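The chain contents come next:
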Amino acid sequence: MLNDFDGKVVLVTGAGSGIGREAALAFAARGALVFGADTNEQGLAETRALVEKAGGKVQVARVDVSSEEDVAIFLSRIAADAGRLDAAFNNAGITGGAHRIEDYPTDDFDRVLCTNLRSVFLCMKHELPLLKRSGGGVICNTASVAALTGPGGMCAYAASKHGIHGLTRVAAMENAAHGIRVNALAPGWTETPMVVTASAQNPSFAAQTTNAIPAKRGGKPTEIAEAAVWLCSGAASYVFGQMLIVDGGMTIGGFAY
Ligand code: NAD
(Lines give C-alpha, C1' and ligand atoms only; values in the text may rest on other atoms or scores of the structure.)
Protein backbone atom coordinates (compact mmCIF):
# COMPACT_ATOMS: atom_id res chain seq x y z
CA MET A 1 0.00 0.00 0.00
CA LEU A 2 1.36 3.44 -0.95
CA ASN A 3 1.88 5.91 1.90
CA ASP A 4 2.65 8.92 -0.27
CA PHE A 5 0.12 11.12 1.59
CA ASP A 6 1.78 10.55 4.98
CA GLY A 7 1.85 13.86 6.88
CA LYS A 8 -0.39 15.55 4.28
CA VAL A 9 -3.66 17.29 4.94
CA VAL A 10 -6.44 16.73 2.40
CA LEU A 11 -9.86 18.39 2.20
CA VAL A 12 -12.76 16.49 0.56
CA THR A 13 -16.21 17.99 -0.02
CA GLY A 14 -19.22 15.75 -0.52
CA ALA A 15 -17.42 13.32 1.82
CA GLY A 16 -20.69 11.97 3.22
CA SER A 17 -21.52 9.81 0.22
CA GLY A 18 -20.50 8.28 -3.09
CA ILE A 19 -17.30 9.48 -4.77
CA GLY A 20 -16.36 11.81 -1.90
CA ARG A 21 -16.64 9.04 0.69
CA GLU A 22 -14.47 6.70 -1.39
CA ALA A 23 -11.94 9.50 -1.91
CA ALA A 24 -11.81 10.16 1.85
CA LEU A 25 -11.13 6.45 2.38
CA ALA A 26 -8.49 6.33 -0.37
CA PHE A 27 -6.60 9.47 0.76
CA ALA A 28 -6.65 8.25 4.38
CA ALA A 29 -5.45 4.78 3.33
CA ARG A 30 -2.41 6.47 1.79
CA GLY A 31 -1.62 8.30 5.02
CA ALA A 32 -3.44 11.64 4.73
CA LEU A 33 -5.28 13.42 7.53
CA VAL A 34 -8.62 14.01 5.79
CA PHE A 35 -11.01 16.88 6.54
CA GLY A 36 -14.39 15.81 5.15
CA ALA A 37 -17.21 18.28 4.55
CA ASP A 38 -20.85 17.71 3.67
CA THR A 39 -24.35 18.90 4.59
CA ASN A 40 -25.32 15.30 5.36
CA GLU A 41 -24.21 14.79 8.96
CA GLN A 42 -25.38 11.17 9.07
CA GLY A 43 -23.34 10.44 5.93
CA LEU A 44 -20.31 12.19 7.44
CA ALA A 45 -20.58 10.10 10.61
CA GLU A 46 -20.67 6.93 8.49
CA THR A 47 -17.64 8.05 6.49
CA ARG A 48 -15.74 8.87 9.67
CA ALA A 49 -16.54 5.42 11.11
CA LEU A 50 -15.39 3.70 7.88
CA VAL A 51 -12.11 5.66 7.70
CA GLU A 52 -11.34 5.08 11.38
CA LYS A 53 -12.21 1.38 11.10
CA ALA A 54 -9.64 1.15 8.30
CA GLY A 55 -7.05 2.81 10.57
CA GLY A 56 -7.17 6.22 8.87
CA LYS A 57 -7.27 9.77 10.25
CA VAL A 58 -10.30 11.94 9.54
CA GLN A 59 -12.18 14.94 10.87
CA VAL A 60 -15.61 15.89 9.58
CA ALA A 61 -17.67 19.07 9.56
CA ARG A 62 -21.14 20.10 8.45
CA VAL A 63 -20.41 22.59 5.68
CA ASP A 64 -22.76 23.96 3.03
CA VAL A 65 -20.30 24.53 0.20
CA SER A 66 -22.56 27.14 -1.38
CA SER A 67 -22.20 29.35 1.72
CA GLU A 68 -19.10 31.56 1.84
CA GLU A 69 -19.38 31.80 5.61
CA ASP A 70 -19.41 27.99 6.01
CA VAL A 71 -16.49 27.52 3.62
CA ALA A 72 -14.42 30.26 5.30
CA ILE A 73 -15.05 28.78 8.78
CA PHE A 74 -14.11 25.30 7.53
CA LEU A 75 -10.79 26.52 6.10
CA SER A 76 -10.06 28.46 9.32
CA ARG A 77 -10.66 25.28 11.27
CA ILE A 78 -8.24 23.31 9.05
CA ALA A 79 -5.63 26.06 9.47
CA ALA A 80 -6.10 26.05 13.27
CA ASP A 81 -6.20 22.26 13.73
CA ALA A 82 -3.71 21.06 11.11
CA GLY A 83 -1.74 24.21 10.30
CA ARG A 84 -1.61 23.41 6.59
CA LEU A 85 -3.45 22.15 3.51
CA ASP A 86 -1.81 20.02 0.81
CA ALA A 87 -4.71 18.92 -1.39
CA ALA A 88 -8.37 19.76 -1.91
CA PHE A 89 -10.94 17.63 -3.70
CA ASN A 90 -13.89 19.95 -4.38
CA ASN A 91 -16.47 17.33 -5.19
CA ALA A 92 -19.88 18.06 -3.61
CA GLY A 93 -22.66 18.42 -6.13
CA ILE A 94 -26.30 17.81 -7.07
CA THR A 95 -27.99 17.01 -10.39
CA GLY A 96 -31.18 19.09 -10.06
CA GLY A 97 -34.39 18.10 -11.79
CA ALA A 98 -34.84 17.20 -15.45
CA HIS A 99 -36.78 19.76 -17.53
CA ARG A 100 -36.44 21.41 -20.93
CA ILE A 101 -34.95 24.92 -20.71
CA GLU A 102 -38.31 26.61 -21.32
CA ASP A 103 -39.79 24.68 -18.37
CA TYR A 104 -36.77 24.78 -16.04
CA PRO A 105 -37.74 26.46 -12.73
CA THR A 106 -35.43 29.46 -12.32
CA ASP A 107 -35.02 28.88 -8.59
CA ASP A 108 -33.86 25.32 -9.29
CA PHE A 109 -31.39 26.61 -11.91
CA ASP A 110 -29.94 29.02 -9.32
CA ARG A 111 -29.77 26.28 -6.67
CA VAL A 112 -27.82 23.90 -8.94
CA LEU A 113 -25.42 26.66 -10.03
CA CYS A 114 -24.88 27.69 -6.39
CA THR A 115 -24.29 24.17 -5.16
CA ASN A 116 -22.09 23.00 -8.03
CA LEU A 117 -20.30 26.07 -9.41
CA ARG A 118 -20.36 28.90 -6.85
CA SER A 119 -19.15 26.28 -4.36
CA VAL A 120 -16.05 25.44 -6.40
CA PHE A 121 -15.26 29.16 -6.73
CA LEU A 122 -15.75 29.66 -2.96
CA CYS A 123 -13.72 26.59 -2.03
CA MET A 124 -10.79 27.58 -4.27
CA LYS A 125 -10.99 31.21 -3.08
CA HIS A 126 -10.53 30.10 0.52
CA GLU A 127 -8.23 27.11 -0.12
CA LEU A 128 -5.66 28.91 -2.25
CA PRO A 129 -4.24 31.18 0.50
CA LEU A 130 -3.75 28.18 2.84
CA LEU A 131 -2.22 26.08 0.04
CA LYS A 132 0.21 28.95 -0.68
CA ARG A 133 1.10 29.28 3.02
CA SER A 134 1.74 25.50 3.04
CA GLY A 135 4.33 25.87 0.27
CA GLY A 136 2.10 24.73 -2.62
CA GLY A 137 -0.34 21.92 -3.22
CA VAL A 138 -3.05 20.52 -5.45
CA ILE A 139 -6.72 21.08 -6.21
CA CYS A 140 -9.03 18.66 -8.02
CA ASN A 141 -12.56 19.81 -8.92
CA THR A 142 -15.26 17.31 -9.81
CA ALA A 143 -16.85 18.20 -13.14
CA SER A 144 -18.67 15.56 -15.21
CA VAL A 145 -19.00 14.28 -18.75
CA ALA A 146 -21.76 16.94 -18.74
CA ALA A 147 -18.87 19.45 -18.94
CA LEU A 148 -18.37 18.22 -22.51
CA THR A 149 -21.81 17.17 -23.67
CA GLY A 150 -25.37 18.53 -23.77
CA PRO A 151 -27.58 16.15 -21.78
CA GLY A 152 -31.18 17.09 -22.60
CA GLY A 153 -33.18 18.14 -19.55
CA MET A 154 -30.11 19.00 -17.51
CA CYS A 155 -29.31 22.59 -18.51
CA ALA A 156 -28.37 23.72 -14.99
CA TYR A 157 -26.17 20.71 -14.31
CA ALA A 158 -24.40 20.94 -17.69
CA ALA A 159 -23.89 24.70 -17.31
CA SER A 160 -22.46 24.23 -13.82
CA LYS A 161 -20.08 21.50 -14.94
CA HIS A 162 -18.94 23.41 -18.07
CA GLY A 163 -18.32 26.30 -15.65
CA ILE A 164 -16.15 24.13 -13.41
CA HIS A 165 -13.98 23.28 -16.43
CA GLY A 166 -13.44 27.00 -17.09
CA LEU A 167 -12.81 27.87 -13.44
CA THR A 168 -10.29 25.02 -13.25
CA ARG A 169 -8.34 26.32 -16.24
CA VAL A 170 -8.25 29.86 -14.85
CA ALA A 171 -7.15 28.63 -11.42
CA ALA A 172 -4.46 26.44 -13.01
CA MET A 173 -3.14 29.38 -15.05
CA GLU A 174 -3.14 31.76 -12.09
CA ASN A 175 -1.46 29.35 -9.66
CA ALA A 176 1.04 27.23 -11.60
CA ALA A 177 3.83 29.66 -10.69
CA HIS A 178 2.89 29.34 -6.99
CA GLY A 179 3.52 25.57 -6.96
CA ILE A 180 -0.18 24.78 -7.06
CA ARG A 181 -1.62 22.38 -9.64
CA VAL A 182 -5.33 22.61 -10.40
CA ASN A 183 -7.17 19.99 -12.44
CA ALA A 184 -10.70 18.67 -12.92
CA LEU A 185 -12.09 15.18 -12.96
CA ALA A 186 -14.98 14.27 -15.25
CA PRO A 187 -16.73 11.10 -14.13
CA GLY A 188 -19.19 9.38 -16.41
CA TRP A 189 -22.14 7.30 -15.18
CA THR A 190 -20.99 6.27 -11.71
CA GLU A 191 -23.03 4.03 -9.42
CA THR A 192 -23.34 6.30 -6.39
CA PRO A 193 -26.54 7.11 -4.46
CA MET A 194 -27.06 10.06 -6.87
CA VAL A 195 -27.27 7.73 -9.87
CA VAL A 196 -28.97 4.81 -8.14
CA THR A 197 -31.84 7.17 -7.20
CA ALA A 198 -32.05 8.61 -10.72
CA SER A 199 -31.98 5.09 -12.24
CA ALA A 200 -34.81 3.92 -9.99
CA GLN A 201 -36.89 6.92 -11.14
CA ASN A 202 -36.18 6.26 -14.82
CA PRO A 203 -35.13 2.62 -15.44
CA SER A 204 -35.37 2.78 -19.26
CA PHE A 205 -33.08 5.84 -19.38
CA ALA A 206 -30.65 4.01 -17.07
CA ALA A 207 -30.64 0.93 -19.35
CA GLN A 208 -30.11 3.08 -22.47
CA THR A 209 -27.25 4.93 -20.80
CA THR A 210 -25.47 1.77 -19.68
CA ASN A 211 -25.83 0.31 -23.16
CA ALA A 212 -24.29 3.44 -24.69
CA ILE A 213 -21.15 3.09 -22.54
CA PRO A 214 -18.43 1.13 -24.39
CA ALA A 215 -17.49 -0.56 -21.08
CA LYS A 216 -21.17 -1.67 -20.85
CA ARG A 217 -21.40 -0.81 -17.17
CA GLY A 218 -21.45 2.14 -14.85
CA GLY A 219 -18.29 3.14 -12.98
CA LYS A 220 -17.68 2.25 -9.37
CA PRO A 221 -17.18 5.18 -6.98
CA THR A 222 -13.74 3.75 -6.11
CA GLU A 223 -12.70 3.94 -9.78
CA ILE A 224 -13.41 7.69 -9.78
CA ALA A 225 -11.89 8.27 -6.34
CA GLU A 226 -8.65 6.58 -7.41
CA ALA A 227 -8.39 9.01 -10.35
CA ALA A 228 -8.86 11.96 -7.96
CA VAL A 229 -6.13 10.62 -5.68
CA TRP A 230 -3.81 10.16 -8.66
CA LEU A 231 -4.42 13.76 -9.84
CA CYS A 232 -3.60 14.97 -6.31
CA SER A 233 -0.50 12.77 -6.00
CA GLY A 234 3.10 13.40 -6.94
CA ALA A 235 2.65 10.92 -9.81
CA ALA A 236 0.67 13.65 -11.64
CA SER A 237 3.28 16.36 -10.98
CA TYR A 238 3.30 17.62 -14.61
CA VAL A 239 -0.51 17.66 -15.09
CA PHE A 240 -1.83 21.25 -15.02
CA GLY A 241 -5.27 22.59 -15.93
CA GLN A 242 -6.58 19.36 -17.43
CA MET A 243 -9.92 17.63 -17.14
CA LEU A 244 -9.42 13.88 -16.76
CA ILE A 245 -12.38 11.96 -18.18
CA VAL A 246 -13.13 8.67 -16.40
CA ASP A 247 -16.25 7.38 -18.12
CA GLY A 248 -15.87 3.81 -19.44
CA GLY A 249 -15.43 5.34 -22.89
CA MET A 250 -18.84 7.11 -22.88
CA THR A 251 -17.50 10.22 -24.65
CA ILE A 252 -15.11 8.55 -27.12
CA GLY A 253 -17.50 9.19 -30.01
CA GLY A 254 -17.07 7.26 -33.26
CA PHE A 255 -18.51 3.76 -33.37
CA ALA A 256 -17.61 0.18 -32.54
CA TYR A 257 -16.11 -1.98 -35.31
P1 NAD B 1 -23.66 11.68 -3.99
O2 NAD B 1 -25.03 12.24 -3.98
O3 NAD B 1 -23.45 10.26 -3.58
O4 NAD B 1 -22.67 12.61 -3.13
C5 NAD B 1 -22.71 14.00 -3.21
C6 NAD B 1 -22.53 14.56 -1.82
O7 NAD B 1 -22.51 16.00 -1.90
C8 NAD B 1 -23.68 14.18 -0.87
O9 NAD B 1 -23.18 13.59 0.32
C10 NAD B 1 -24.36 15.51 -0.58
O11 NAD B 1 -24.93 15.59 0.72
C12 NAD B 1 -23.21 16.48 -0.77
N13 NAD B 1 -23.72 17.84 -1.00
C14 NAD B 1 -24.73 18.23 -1.81
N15 NAD B 1 -24.91 19.56 -1.69
C16 NAD B 1 -24.00 20.01 -0.79
C17 NAD B 1 -23.72 21.28 -0.24
N18 NAD B 1 -24.40 22.38 -0.59
N19 NAD B 1 -22.70 21.39 0.68
C20 NAD B 1 -22.00 20.28 1.05
N21 NAD B 1 -22.25 19.05 0.57
C22 NAD B 1 -23.25 18.91 -0.34
O23 NAD B 1 -23.14 11.91 -5.48
P24 NAD B 1 -21.78 11.50 -6.23
O25 NAD B 1 -22.19 10.76 -7.44
O26 NAD B 1 -20.78 10.96 -5.29
O27 NAD B 1 -21.34 12.95 -6.72
C28 NAD B 1 -20.10 13.55 -6.39
C29 NAD B 1 -19.73 14.49 -7.51
O30 NAD B 1 -19.55 13.74 -8.71
C31 NAD B 1 -20.79 15.54 -7.83
O32 NAD B 1 -20.16 16.78 -8.10
C33 NAD B 1 -21.44 15.01 -9.10
O34 NAD B 1 -21.99 16.04 -9.91
C35 NAD B 1 -20.24 14.36 -9.76
N36 NAD B 1 -20.59 13.39 -10.78
C37 NAD B 1 -21.25 12.25 -10.45
C38 NAD B 1 -21.56 11.36 -11.46
C39 NAD B 1 -22.28 10.07 -11.19
O40 NAD B 1 -22.65 9.40 -12.16
N41 NAD B 1 -22.49 9.69 -9.96
C42 NAD B 1 -21.20 11.62 -12.79
C43 NAD B 1 -20.51 12.79 -13.07
C44 NAD B 1 -20.21 13.68 -12.05
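Shown above is the structure to which this text applies.
Everything quoted here is computed from the prediction, not taken from an experiment.

Participant: Any chance you could break down the sheet that holds strand E1 (residues 9-13) for me, citing the residues and the numbers?
Facilitator: Ordered by their spatial adjacency, seven strands build an open sheet running E3-E2-E1-E4-E5-E6-E7, and the pairing between neighbours is parallel. Taken across any chain shown, the strands that pair with only one partner, and hence form the sheet edges, are strand E3 (57-62) and strand E7 (243-246). When strand polarity is set aside, the average angle formed by the axes of neighbouring strands in this sheet is 15 degrees. Across four bridges, strand E6 (residues 180-187) lies against E7 in parallel orientation. Note that in E7 the partner of Pro187 across the bridge is Val246. Strand contacts of helix H3 (residues 68-82): E1, strand E2 (33-38) and E3, with the helix running at about 165 degrees to E2, the strand carrying the most contacts. Packing of helix H5 (residues 155-175) onto the sheet brings it into contact with strand E5 (137-142), E6 and E7, and relative to E6 it is tilted by some 160 degrees.

Participant: An account of the side chain of Lys161 is requested, with residue identities and associated values reported.
Facilitator: Turning to its location among the elements, Lys161 is positioned in helix H5. As a buried residue without a salt bridge, Lys161 has its nearest oppositely charged side chain in Asp38, at a separation of 13 Å. A polar contact is formed between the side chain of Lys161 and the backbone oxygen of Thr142, at a distance of 3.1 Å. When neighbours within four sequence positions are excluded, Lys161 is seen to be in contact with Asn116, Thr142, Ala143, Ser144, Ala146 and Ala147.

Cut-offs applied
- Residues numbered from 1 in each chain as written.
- Predicted model: local features only at pLDDT ≥ 70, side-chain atom pairs only at ≥ 80, totals over all residues.
- Heavy atoms only, no water.
- Pairing = 2+ DSSP bridges.
- Helix = DSSP H or I, 4+ residues; strand = E, 2+ residues; numbered from the N terminus.
- Axes fitted to C-alpha atoms, helices over the stretch in contact; angles between N-to-C directions.
- Contact = heavy atoms within 4.5 Å.
- Buried < 20%, exposed > 50% of the residue type's maximum accessible area, 1.4 Å probe, protein only.
- Lys, Arg positive; Asp, Glu negative; His and termini not counted.
- Salt bridge = Lys/Arg side-chain N within 4 Å of Asp/Glu carboxyl O.
- Polar contact = N/O pair within 3.5 Å; in protein donor to acceptor, adjacent residues only side chain to side chain.

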